[in-house]
Amino acid sequence: MKDTFILAIESSCDETAASVVKNGRTILSNVISSQIALHTLYGGVVPEIASRKHIEKINQVIEEALSEANVTLDDLDAIGVTYGPGLVGALLVGVAEAKAIAYAKKLPLVGVHHIEGHVSANYIEHPDLEPPFLCLIVSGGHTHLVIVKDYGEFEILGRTRDDAAGEAFDKVARAIGLGYPGGPKVDKLAREGNPDAIVFPKGKLGDYPYDFSFSGVKSAVLNYINNAQMKGEEINRADLAASFQKSVVDVLVEHTMLAAKDYHMDKIAIAGGVASNGALREAMTKACEKRGYKFYRPSPIFCTDNAAMIGVAAYYEYIKGTRHGWDLNAVPNLKLGER
């Protein structure tokens, strides 16, 4: 069989990324140009600045990815690109670039759902992993519990009703003066604290056992800080971070284990930016070992936004026959499972 080479482009938020993927599982290159230092000045991602930076960097990143993979545009079989969800301006840069290359080289264009890309990151380092399996998707904008029935086919069991887990991490990080990006900074500080020092609430939604709610714990943290400040009490930030993180991680793990039991799933995966959180990885590992489940997680570099995961998802779409026309557009609010 002839090898299939896909150039993948990812620009949904503040990383400009390109990757060459061979046969859906072999990553020949994975180049990421991060804008974190730039957006840290503003305490979060500024969409206009992100879009401009993507325009500056995208050609350079693609050239580097092709060079690192030792292939040219003539060796490619398709172009894969994230078209949603994400920041509309940022997405448009990647989509326009992918269309231009596909048009010039007469290559098939394959639009990829960003969240499906995160799930597909698990295939990179786990050649034995194939659907069906249960996946917990946790990122700055999304918290979902899904059954991956087949490549690109999902059954959503639960989702967040308010804040996503990553969003709660960012807001708490800002409240305790850690700045942006919040998730990694809370994770780091929490290692120095006592997770049992403060008991924060865990969101439970009666009739929806797999759904999540993180606005309550976020509000509880903010109230705790306000009360301490009004009384002039000193706050142990490490204890606060560790206790907040434990509350979030406990809920994520409990709901995942409940769904695994109810749906008879023995293969569990995690995906998304928050999947790189040390406490979550550790807690999921222990919970899965205790129950005899096989646990899959991408390396941290494949948890955060990258183009390799988009290339993997694009490959499975490509072999299924998915093709997009020149009318492919950015869809900033694209829901999981939507096409």
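Now for a quick tour of the structure.

Criteria and thresholds
Residues numbered from 1 in each chain as written. Predicted model: local features only at pLDDT ≥ 70, side-chain atom pairs only at ≥ 80, totals over all residues. Heavy atoms only, no water. Pairing = 2+ DSSP bridges. Helix = DSSP H or I, 4+ residues; strand = E, 2+ residues; numbered from the N terminus. Axes fitted to C-alpha atoms, helices over the stretch in contact; angles between N-to-C directions. Contact = heavy atoms within 4.5 Å. Expected span 1.5 Å × (residues − 1). Buried < 20%, exposed > 50% of the residue type's maximum accessible area, 1.4 Å probe, protein only. Left-handed = near helix turned anticlockwise from the far one by under 90°. Nonpolar A, V, L, I, M, F, W, Y, C, P; charged D, E, K, R; others polar. Phe/Tyr/Trp six-rings, centres within 6.5 Å; stacked < 30°, edge-to-face > 60°. Lys NZ or Arg CZ within 6 Å of the ring centre and 35° of its normal. Disulfide = S-S within 2.5 Å.

## Quick look at the sheet that holds strand E9 (residues 267-271)
Piece 1. Reading across the sheet, the 5 strands line up as E8-E7-E6-E9-E10 and stay open at both edges, with mixed pairing between neighbours. Strands at the two margins of the open sheet, each flanked by one partner only, are strand E8 (153-159) and strand E10 (294-296). The sheet shows a mean angle of 25° between the axes of neighbouring strands, taken without regard to direction.
Piece 2. Two elements, strand E6 (residues 133-138) and E9, share 4 bridges in a ladder whose sense is parallel. In the strand pairing of E9, Leu 136 is matched with Ile 270.
Piece 3. Seen against the sheet, helix H4 (residues 114-125) touches E6, strand E7 (143-150), E8, E9 and E10 and runs at an angle of roughly 125° to E6.

## Re helix H3 (residues 88-105)
Piece 1. Taking 1.5 Å per residue as the helical rise, H3 with its 18 residues ought to reach 26 Å, and the 26 Å between its terminal C-alpha atoms agrees with that figure.
Piece 2. All buried positions along H3 are accounted for by Ala 90, Leu 91, Val 93, Gly 94, Val 95, Glu 97, Ala 98, Ile 101 and Ala 102.
Piece 3. In this fold, the buried residues of H3 make contact with strand E1 (5-10), helix H2 (47-69), strand E4 (78-84) and strand E5 (109-113).
Piece 4. Remark: Lys 106 follows H3 within two positions and exhibits a positive phi of approximately 55°.

## A look at the packing of H2 against H3
Piece 1. Where H2 contacts H3, the axes come no closer than 9 Å and their chain directions differ by 35°. Pair H2 / H3 crosses with right-handed handedness. Here Ser 51, His 54, Ile 55, Ile 58, Asn 59 and Ile 62 of H2 lie close against H3, whose contacting residues are Gly 89, Ala 90, Val 93, Gly 94, Glu 97 and Ile 101.
Piece 2. Considering only residue class, the contact of H2 with H3 consists of 6 nonpolar, 5 polar and 1 charged.

## Details of the packing of aromatic side chains
Piece 1. All chains considered together, the criterion is met by 10 aromatic pairs.
Piece 2. Centroid distance Phe 212 to Phe 214: 6.0 Å. Interplanar angle 15°. Geometry classified as stacked. Comparing Phe 212 with Phe 214 shows no difference in burial state: the two are buried.
Piece 3. Ring pairs connect the aromatic residues Tyr 123, Phe 133, Tyr 151, Tyr 315 and Tyr 316, which therefore count as one cluster.
Piece 4. Between the NZ or CZ atom of Arg 161 and the centre of the ring of Tyr 208, over which it lies, the distance is 4.4 Å.

## Things to note about the state of the cysteines
Piece 1. The tally for this structure, following the rule as stated, stands at 0 disulfides.
Piece 2. We note that Cys 13 lacks a disulfide partner, and the nearest cysteine sulfur, in Cys 303, lies 16 Å from it.
Piece 3. Cys 303 sits in the buried class, given a relative accessible area of 0%.

Any functional reading would require information beyond the geometric quantities listed.
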